[in-house]
Amino acid sequence: MNKKYSLLILLALLLPLGLQAQKSPQDMDRFLDDLLKRMTLEEKIGQLNLPVTGEITTGQAKSSDIATKIKRGEVGGLFNLKGVDKIRDVQRLAVENSRLGIPLLFGMDVIHGYETIFPIPLGLSCTWDIPAIEESARIAAIEASADGISWTFSPMVDISRDPRWGRVSEGSGEDPFLGAQIAQAMVRGYQGKDMRRNDEIMACIKHFALYGAAEAGRDYNTVDMSRQRMFNDYMLPYQAGVEAGAGSVMASFNEVEGVPATANRWLMTDVLRGAWGFNGFVVTDFTGISEMIEHGIGDLQTVSARAINAGVDMDMVSEGFAGTLKKSIEEGKVSVETVNTACRRILEAKYKLGLFDNPYKYCDLKRPARDIFTKEHRAVARRIAGESFVLLKNGQLSPGSSPLLPLSPTGTIAVIGPLANTRSNMPGTWSVAAVLDKSPSLVEGLTEWVGNQAKILYAKGSNLISDAAYEERATLFGRSLNRDNRTDKQLLDEALKIASQSDVIIAALGESSEMSGESSSRTNLDLPDVQHTLLEALLKTGKPVVLVLFTGRPLVLNWEQENVPAILNVWFGGSEAGLAIGDVLFGAVNPSGKLTMTFPKNVGQIPLYYAHKNTGRPLKEGKWFEKFRSNYLDVDNDALYPFGYGLSYTTFRFSDVTLSQPSIGMDNQLVASVTVTNTGDRAGSEVVQLYIRDLVGSVTRPVKELKGFEKIYLQPNESRTVRFTIAPEMLKFYNADLQFVAEPGDFDVMIGPDSQNVKTARFTLR
């Protein structure tokens, strides 16, 4: 072993938690200046190369093509290589067998947990619990780093108002204010204070920019909007992640203003670095450079040059930089200084991670058994999963009776549906490091939960979808539901026989985990055909039916809302979802989740979101249709479930809103207060939501915008006054000249349990 690195490793092991010695920016600059002077052009370009390496095993590490490139200094990092032993061996290739011994970055899509899986990000956002979201990222960083990972391609902060887009499951919903809070929490959780510890990893804000606004909700599709709308509705979470100190940013696939984001200098340099002061590095998405050929802006050499000149620093998989930059430099299309700048950014990231002090910082072979999928981590995942579930309906079986939920864990309970007994679908999409058979299915979780108190019966009831080819597309990556070759009638008859023996039916229906996520756009958001038939038949038995809905996006649930007594949306809750669902169904946990995306009544309403603007002919409140107004002939304008909506096993009463003063100037603030009372007989949490409307602006403004929230826990009959401080900074927006301003005038303050049911007061900004 190289003696220099032996000494460094020994010193690092003497430091607790892999802490690296604190060094000044000047120390870093001197170190990198010296290193860059010693690097060849080929080695500098090599630092910009990020190939995929999932096929490498320990035995192949020294003989594969990628190993040869590593030894030549032609690789800056690798991604989706799992296992600390493999990563250690590959890192040794770079450190001990290349000319300069520059360590590699090891990245992975650690999106909502590593092996301990938390709810999908859309579900996490529905907790409205920022400390819990940060805690989930902290645990993900601990586990990923224990297995050798130093960099995660998370958080995804794209705002989307179109549930046809499958990747809404990976984001935090439709609202930029909430999305910004979550972006910062995730960055803090991953990176810790300064990434000095060996259980802190580098975050990556993605996808920059506007990916969630793809036309027609179709993945990778074109985005086109005004800059004013970009900054008012979409950019805030990216900026918040940068301000939180994220070490990297990922370019998005879509074009922006006719130029693919990966080659868009205005985005990558003028906005990201110039306006926001980002000092980390930018990586492309998977083959983002070579895909620009299909966009029609040039061959591989041309698009590679455009990308690096735009401000992109690292090429994921395309190897466009590695294969063409030297030629572009020779032809004067790219400068050596541009390559030097990109290379330095990559080296700075490695320096800040402490990899030059200790290249094996993340390669402690004792950590996986100690830090991954621990009992403590799973307990946190279970608690957070319970917070993410949204109670959409909880009706009475007869007038005057109690609501159906929570259930008593007694008698005979039938669990029926294609999502009832699948371990592999419980974690949800983008859980690439999960060990899928470790996640108990719903049937297994409920059976463990009730123990000897109740009897659990199971029947599949139907396949996921009648179309076998569609089901295959929706169950990729080891998430098969093991399609049953019996006829639909045979499956249904078995389910009805099981239902006849039960006291209550839990219908586990909805999407499979891969029906949402990347490249999983849908045009029909109804419950799949055979599942709807099954649900209808179960309701006709006369037995109480609870719909436990698995989904990665808002669905169209008009019929279900009208006919099913109780609906609990559980998203995909992660490793412990089976037990967490039991916690809520049986009342050990009072549901407190609130929607962060609007649920439409009809796909034709999409995009449908709460922060819309009025037209000159708005439909009057309470009206279904009026000729020559902005409405539809066949459906009203309202959402089925509005943004911020979610029920509880208790009830809450909101007082009128009081303001500390009727007006403020540009240099002071006021306090808006509301008293919330738990009027039910169970303790529970409520998310108190603050919305503001700018009544008159130099440009049109939304009918309301989220500007604050607080999650409170109240015992029965307990009251609490929640106070929000309102300052002029909260009232700012981007005007027609893209100036960030607050304009004098009247504002409505709205506070309530969701975006639709609010109490209102008015103040004036002088």
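Per an unreviewed UniProt entry, the protein chain goes by the name Periplasmic beta-glucosidase and belongs to Bacteroides fragilis. Per UniProt, the protein chain has the following entry under Subcellular location (unreviewed entry): "Periplasm". Per UniProt, the protein chain carries the Catalytic activity (unreviewed entry) text "Hydrolysis of terminal, non-reducing beta-D-glucosyl residues with release of beta-D-glucose."

Caption draft 1: Just the pattern of salt bridges, in detail. In total, this model carries 51 salt bridges according to the counting rule given. Salt-bridge contacts for Glu42 lead to Lys326; the nearest nitrogen and oxygen are separated by 2.6 Å. Here Lys326 lies in helix H14 (residues 320-330) and Glu42 lies in helix H3 (residues 41-46), a separation of 284 residues in the sequence. Glu42 gets classed as partly exposed once you look at its relative accessible area, which sits at 36%. You can call Lys326 partly exposed: its relative accessible area is 39%. The salt bridge involving Arg161 is made with Asp233; its shortest N-O contact spans 3.7 Å. Within this pair, whereas Arg161 is found in the loop between strand S4 (151-152) and helix H8 (176-191), its partner Asp233 is found in helix H9 (residues 227-234), the two being separated by 72 residues in sequence. Per residue, the accessibility class of Arg161 equals that of Asp233, and both read buried.

Caption draft 2: View of the UniProt feature "domain: Fibronectin type III-like" (unreviewed entry) in the protein chain. Sites flagged by UniProt as "domain: Fibronectin type III-like" (unreviewed entry) map to residues 686-755. With 0% helix and 56% strand, residues 686-755 has end C-alpha atoms that lie 14 Å from one another.

Caption draft 3: Molecular detail of H8. An ideal rise of 1.5 Å per residue puts 22 Å on 16 residues; H8 measures up with 22 Å between its terminal C-alpha atoms. For H8, the full list of buried residues reads Pro176, Leu178, Gly179, Ala180, Ile182, Ala183, Ala185, Met186, Val187, Gly189, Tyr190 and Gln191. Where H8 begins, one side-chain oxygen reaches toward the backbone nitrogen of Phe177, 3.0 Å away; that side chain belongs to Asp175. Looking one or two residues beyond H8, the residue adopting positive phi is Gly192, at roughly 65 degrees.

Caption draft 4: Focus on the packing of aromatic side chains. Overall, the coordinates contain 26 aromatic pairs when judged by the stated rule. Ring centres of Trp165 and Tyr211 lie 5.0 Å apart, and the angle between their planes is 75 degrees; this geometry places the pair in the edge-to-face category. With a gap of 46 residues between them, Trp165 in the loop between S4 and H8 and Tyr211 in the loop between strand S5 (204-208) and H9 connect regions that are remote in the sequence. Here Tyr211 falls in the buried class, since its relative accessible area comes to 0%. Through successive ring pairs, a cluster of aromatic residues spans Trp128, Phe177, Tyr610, Phe643, Tyr691 and Phe709. If you follow Arg161 out to its NZ or CZ, it ends over the ring of Tyr609, 4.4 Å from the centre. The residue whose ring lies beneath Arg227 is Trp266, and the NZ or CZ to ring-centre distance is 3.7 Å.

Caption draft 5: Local environment of the sheet that holds strand S22 (residues 705-714). In spatial order, the strands read S19-S27-S26-S21-S22; together these 5 strands make up an open sheet with mixed pairing. Of all the strands in the sheet, just strand S19 (663-664) and S22 have a single pairing partner and so form its edges. With 7 bridges connecting them, strand S26 (residues 745-752) and strand S27 (residues 759-765) associate as antiparallel partners. Bridge assignment links Asp746 to a residue of S27, and that residue is Thr764.

Calculation criteria
- Residues numbered from 1 in each chain as written.
- Predicted model: local features only at pLDDT ≥ 70, side-chain atom pairs only at ≥ 80, totals over all residues.
- Heavy atoms only, no water.
- UniProt positions renumbered as here; feature names shortened; annotations may be inferred.
- Salt bridge = Lys/Arg side-chain N within 4 Å of Asp/Glu carboxyl O.
- Helix = DSSP H or I, 4+ residues; strand = E, 2+ residues; numbered from the N terminus.
- Buried < 20%, exposed > 50% of the residue type's maximum accessible area, 1.4 Å probe, protein only.
- Expected span 1.5 Å × (residues − 1).
- Polar contact = N/O pair within 3.5 Å; in protein donor to acceptor, adjacent residues only side chain to side chain.
- Phe/Tyr/Trp six-rings, centres within 6.5 Å; stacked < 30°, edge-to-face > 60°.
- Lys NZ or Arg CZ within 6 Å of the ring centre and 35° of its normal.
- Pairing = 2+ DSSP bridges.

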